[in-house]
Structures are given as structure tokens and as C-alpha cells.
Amino acid sequence: MPAPPPFDADTYAARRRRLMEQLGSGVALLLGNGESASNYAANHYPFRQDSTFLYFLGLDCPGLDAVVDADAGRTTLFGEDPGLEAVIWEGPQPSIDALAQQAGLDDTAPPGALTETVQRARDAGRMVHTLPPYREAHRRRLGALLGCKPEATDDHASDVFIRAVVAQRESKTDAEVAEVEKALDVTRRMHLLAMQEARSGAVEREVAGRMEGMARAAGGETAFPTIFSERGEVFHNTPSAQRLTGGALALCDAGGTAPSRYAGDITRTAPVGGAFSQKQRAVYEIVLDAQEAALSAIEPGVKYKDVHRLAARHLADGLKGVGMMKGDPEEAVREGAHALFFPHGLGHMLGLDAHDMEALGEDVVGYDDETTRSEQFGLNALRLGRELKEGFVLTVEPGVYFIEPLIEQWRSEGRHARFIDYDAVADYEGFGGIRIEDDVLVTSDGGRILGEPIPKQPEAVEAAVGN
Ligand SMILES: [Mn+2]
């Protein structure tokens, strides 16, 4: 049986009513995800419902679609009652009427009626609002429904619909924040295990596998593939059969979800064996200082791009202190020199997706007319730049990395040589990387770190490593 929606039926009905008001007129198509084959048709990847479908209907099972009719003020759920075959193989399943009731609507129709419903709207010259598809199956279905080539369905996406969805999903209610904190409960336990196991000889993927099992055991899933590696400078490193080396740094970026699919996304970096070297500790404190500066700068009305720049300035200042950077930190950041060490963004929105709403377009979520995406290397990787509002949930995750091919290239070009002491940087070969990430709610007067604390001060991290 699919889990019931995390919120009551009225919540979903109210969200759809607001969507109808925002759309003004026309029909909006919410395609639910189907099962997705991995290596043969009957062997599926774990089912993952579309997050916007979850947001407006809460129904976490395949084979469903919905049409929100803004003119009629009505939502229709398309799907069918489970047949005997489904019950034999998968056990008792809710009827389509029961699902409709959970989602706060009473109009249902068989799946085959969707084509006719959309056709009728098109024939009447009504606007059919769609979202940009991110699965090939949806590109094909939308193409058939709209009478266009599958590739053209991306361009067909409705700007009004996309903006309406972002406007609702970007600000989290207390109940949604509570779901993120449930995700952080399991995420915290995953990280405590990772720190505990950061011992010489520990196999990366054995630790990562146990962490991921905790997410499944708690009724959720991992919010994204777990990173647990002493090659922290490789951003999306897949845990391998590699054993940790005493004295290295184990970077762990991982998150579990709540059963409702709200996500956690935390990074900690621990010294393998439980003691930071002097050099490691110095860089760790630079990253921590940048993170703390960013955390205290968060409040409504502040542009996240400016918070990113503030964190970068703290990094540049700290790196100057240990001799790797030189000159005026302010100017170094303006020129983008710090991006040698920090080539990614300070953070992103978090919610039903780890990169919340990214399927709707990174820039529509993270930027607006007032704040546009920079083209400068490093800053161009910032997913969220615009002004913060109360209710946003976002990540704060500065880092310092020693990425050998990047250092080599910049050094050979003499890039930003005014701000970088390449000889000093060479002493850090093989250092790896350090990132510290927390999840934060923007409140009326600042930022609140969500979830129970996870060791972060260097002494606390050292103490959390098992011996
Ligand atoms: Mn993140």
C-alpha cells in the first residue's frame, strides 16, 4: 500500500485553489510519474513520484495524472482501480476514489479519458498549461497530448504555470519545515555513523551503504547519491572499494528523506582517525568561519548572491592568513580568484527535492529580474542568487578544495597570480577538500539551522570519530 499523504486533504485542496487563482484561466496538466525500468521492463528503479504532483496531490503511487481546471474550479484525478492482477502481485491497493479522497477532490476519470479532456480544452481554444518534462516518457506523452514532437514539449511549458508552482513551493509552511526536520533526524544519524566510521582501513562504500540503509530503514530514501570519500575535492565522487587512510580527511555529503520525500542535505568533513593535523585544522577553521559568517547574514531581503560573496570573502581572507592567497581579499573575490579553492555555489533551495524545484529550471527558482546569474567561473555555479524571503529553506555549504588539474591549469596560465601564491598552494597537494553544510530556514529576523545539531566545531568532530 502506498503511504497516505503527509498532510490532510484540505491542505492539498487549498494549494490547488491557490494555483487556480494564480493561473487565472485554462487547464493545468499534472503528470504523475510512472514506474521506470532499470534493466528489464518488469524490474523497476525505486518509484519516485514527481515532486510537484506530490505537492498538489500528495499521492505517492504510479499511474496517476491530474488536470486542474482553473475556470471550472475543479481538479480531476485520472487513474484506475487496481485489477486482480495488481492485487495478486502487489497486495491490496487503494481504489481511485479512495486516493481522490485523500487528495481532497471528488472528480475521477479513467486514464484513457485524459487524451479526450486535453483535446476538448484545445478544441475550445483554452490554454493547456504544462511543466517542462524531465523524463523521456513524459516528453512522449506530452507530445501525443499536445500534438507536437516530443522534443517540442520543453518549449511548450507554461511560464505562468512554472512561476505559480515556484511561488507556492518556495515558501515552506511550518508543517513542511517539520517534514524537513524529520528528514534531518535520519540525516543526522547517517552523519554520526559516517564520523564514527571515519577510521583508517574503513571501506568507503561499506560505510556509505550502511548510511543509505538507514535512510531506507526510516521509511524514506536517500535524497541523492551519498558521497563519502577522502577525495573530497571530487565533488560527485562515488564511494568505491577504497579504504580510508589515517590522517586523510573524509568528506561526507549525504541526506535522507522523510517518508513524505522532504529531503535533508548535510555535509561534514572529519579527520580519518580522529585528529586534525595543524594544516587541516587551519583550513577547517577557515571554512567554518565562512559558513558561520554566511549563516549570520541570512535574513529576508538579503540577496543570496551577496551572502555567497560574503562567504567567499571570508575564505579569501582566511586563505591569505595561511599564505595561499595575497592582495586585497575584497578585490580577489570581485575578480573571482577565490574560485580556485571554492568553484561551486554557497547553496540551493531544499524541500521535496534536494535541489528544490530544479526540474522547473534552475534560473526560475534561483534568480529573477533583479538578480541574474553571473558568468564568472565559480559564481556561475551558484544555484540560488536572489533575494531571500521568510519561509525559504536553503543550504549553506562553503568549501575549500585542492583540485589538482584546476590548480595546474591556472598556475600554467598565471591566472590571478596577483592573488594566489601558487608555491604555497603546492604544499597542499593531496589535501582533498573540506565542506561544511547545514540546512537553514529563513525566519522573519534571521536564519534558523534546522534539525538537531550535528558535530561541527573541530573538537566535536574529532570526538565523534570512533577509535
Ligand atoms: Mn547541498
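Residues numbered from 1 in each chain as written. Predicted model: local features only at pLDDT ≥ 70, side-chain atom pairs only at ≥ 80, totals over all residues.

Asker: Help me understand the overall build of the chain in this model?
Answerer: When you go through the chain residue by residue, the secondary structure sums to 17 helices and 15 strands. The globule rule puts the C-alpha radius of gyration for 467 residues at 23 Å, and the 24 Å found for the chain is close to it. Taken along the three principal axes of its C-alpha coordinates, the chain extends 70 × 50 × 40 Å. Across the 467 residues that make up the chain, the buried fraction comes to 45%. Here the analysis covers contacts within the chain between residues at least 6 apart in sequence; of these, 73% occur between residues at least 24 apart. (Helix = DSSP H or I, 4+ residues; strand = E, 2+ residues; numbered from the N terminus. Rg over C-alpha atoms; globule rule 2.2 N^0.38 Å. Buried ≥ 20, exposed ≤ 12 C-beta atoms within 10 Å, placed from the backbone. Contact = placed C-beta atoms within 7 Å.)

Asker: Looking at this structure, I do not really get the pairing of strand β11 (residues 393-396). What am I missing?
Answerer: Consecutive residues of a regular strand have side chains that alternate between opposite faces of the sheet. Residues Val393 and Thr395 line one face of β11 and the alternating positions Leu394 and Val396 line the opposite face, and both faces are buried. Sheet analysis places β11 next to strand β14 (residues 438-443), joined by four bridges and oriented antiparallel. Within β14, the position partnered with Val396 by the bridge is Asp438. (Pairing = 2+ DSSP bridges.)

Asker: Looking at this structure, I do not really get the domain arrangement of the chain. What am I missing?
Answerer: When the parts of a complex come together, some accessible area is lost, and that lost area is often used as the size of the interface. Under the domain assignment used here, the chain contains domain 1 (9-169) and domain 2 (174-464). Taking only C-alpha atoms, the centre of domain 1 and the centre of domain 2 are 35 Å apart. Mapped onto the side of domain 1 that touches domain 2, the elements with two or more residues apiece are α2 (51-57) and α8 (159-169). Per-element accounting of the side of domain 1 that touches domain 2 gives the leading share, five residues, to α8. (Domains from an automatic or database assignment.)

Asker: Help me understand the environment of Ala164, please; the structure alone is not making it clear to me.
Answerer: Mapping Ala164 onto the fold places it in helix α8. Judged by the 21 C-beta atoms lying within 10 Å of it, Ala164 falls in the buried class.

Asker: What is the right way to look at helix α12 (residues 304-321) in this model?
Answerer: Since the α-helix turns once every 3.6 residues, residues separated by three or four places project in the same direction. Here α12 is 18 residues long and its end C-alpha atoms lie 26 Å apart, about the 26 Å a rise of 1.5 Å per residue gives. Of the residues one or two after α12, Gly323 is the one with positive phi, at around 90 degrees. (Expected span 1.5 Å × (residues − 1).)

Asker: Explain the sheet that holds strand β7 (residues 128-129) to me, please; I cannot follow it from the model alone.
Answerer: Sheet strands pair by backbone hydrogen bonding; their relative direction is either parallel or antiparallel. Sheet architecture is open: five strands sit in the order β6-β5-β4-β1-β7, paired in mixed fashion. Each having just a single partner strand, β6 (107-109) and β7 make up the two edges of the open sheet. Strands in contact with helix α1 (residues 9-23) are β1 (27-31), β4 (65-69), β5 (74-78) and β7; relative to β4, the strand with the most contacts, it is inclined by about 55 degrees. (Axes fitted to C-alpha atoms, helices over the stretch in contact; angles between N-to-C directions.)

Asker: I'm lost on the sheet that holds strand β15 (residues 446-449) in this one. Help?
Answerer: With antiparallel pairing, three strands are arranged side by side in an open sheet as β11-β14-β15. The outermost strands of the open sheet, each flanked by one partner alone, are β11 and β15. Ignoring strand direction, the axes of neighbouring strands in this sheet form an average angle of 40 degrees. Relative to β15, β14 runs antiparallel, the two being bridged by four bridges. Looking across to β15, one finds that Leu441 is bridged to Arg448. Of the strands in this sheet, β11, β14 and β15 touch helix α11 (residues 278-297), which is tilted by about 155 degrees from β11.

Asker: Can you walk me through the packing of α11 against α12 in this structure?
Answerer: One way to put it is that α11 packs onto α12 with a least axis distance of 8 Å and a crossing angle of 155 degrees. When the interaxial angle is binned, α11 and α12 end up roughly antiparallel. With respect to the hand of their crossing, α11 and α12 are arranged in right-handed fashion. Contact residues: α11 offers Ile286, Asp289, Ala290, Ala293, Ala294 and Ala297, while α12 offers Val307, Leu310, Ala311, His314, Leu315, Gly318 and Leu319. Here the residues of the contact of α11 with α12 sort into ten nonpolar, two polar and one charged. (Parallel < 35°, antiparallel > 145°, perpendicular 65-115°, else oblique. Left-handed = near helix turned anticlockwise from the far one by under 90°. Nonpolar A, V, L, I, M, F, W, Y, C, P; charged D, E, K, R; others polar.)

Asker: Looking at this structure, I do not really get the nonpolar core. What am I missing?
Answerer: Nonpolar side chains tend to gather and get buried jointly when the protein is soluble and globular. Ranked by internal contacts, the top residues of the largest apolar core, which has 125 residues, are Ala194, Ala250 and Leu315. The element best represented in this core is helix α9 (residues 174-196), accounting for eight residues. Here this core gathers at least three residues from each of two domains, domain 1 (9-169) and domain 2 (174-464). Among residues more than four places away in sequence, those in contact with Ala194 are Val207, Met211, Phe228, Cys252 and Ala254. (Core = buried A, V, L, I, M, F, W, Y, C linked by C-beta atoms within 7 Å.)

Asker: Please clarify how the pairing of β4 should be interpreted in this entry.
Answerer: Within β4, four of the five residues are buried, which leaves it mostly tucked inside the rest of the structure. Where β1 lies against β4, five bridges are found, and the strand directions are antiparallel. Note on β4: the bridge partner recorded for Leu30 is Ala66. Between β4 and β5, which pair antiparallel one after the other, the connecting turn spans four residues, and Gly73 there sits at a positive phi close to 65 degrees.

Asker: Hey, could you run me through the environment of Phe431 in this one?
Answerer: Assignment of secondary structure puts Phe431 in the loop between α16 (422-426) and β13 (433-435). Distance from Phe431 to Tyr401, taken between C-alpha atoms, is 7.9 Å for residues 30 residues apart in sequence.

Asker: Which parts of the structure should I look at to understand unusual backbone geometry?
Answerer: Only a minority of non-glycine residues have a phi that is not negative, and only a minority of peptide bonds are not trans. A positive phi angle, near 85 degrees, is found at Arg261, a position not held by glycine. C-beta crowding within 10 Å serves as the criterion here: with 22 such atoms nearby, Arg261 is assigned to the buried category. Although it is not a glycine, Met357 adopts a positive phi angle of roughly 65 degrees. With respect to the helices and strands, the residue Met357 is situated in the loop between α13 (329-335) and α14 (362-366).

Asker: Just to check I follow, could you spell out the environment of Gly112 for this structure?
Answerer: As for its placement among the helices and strands, Gly112 is situated in the loop between β6 and α5 (113-123). Look at Gly112 and you get exposed, because 9 C-beta atoms sit within 10 Å. Taking the C-alpha atoms as reference points, Gly112 and Gly79, separated by 33 residues in sequence, lie 8.5 Å from one another.

Asker: Even after reading the chapter, I still don't get the packing of α9 against helix α10 (residues 204-217), so can you show me in this structure?
Answerer: The angle between the axes and the distance between the axes are what describe a pair of packed helices. It is at 9 Å that the axes of α9 and α10 come closest, and there the two elements cross at 160 degrees. As summarised for this structure, α9 and α10 are arranged roughly antiparallel, according to the angle between their axes. When the axes of α9 and α10 are compared, the crossing they make is right-handed. The segment α9 lies against α10, with Val186, Arg189, Met190, Leu193 and Ala194 engaging Val207, Arg210, Met211, Met214 and Ala215.

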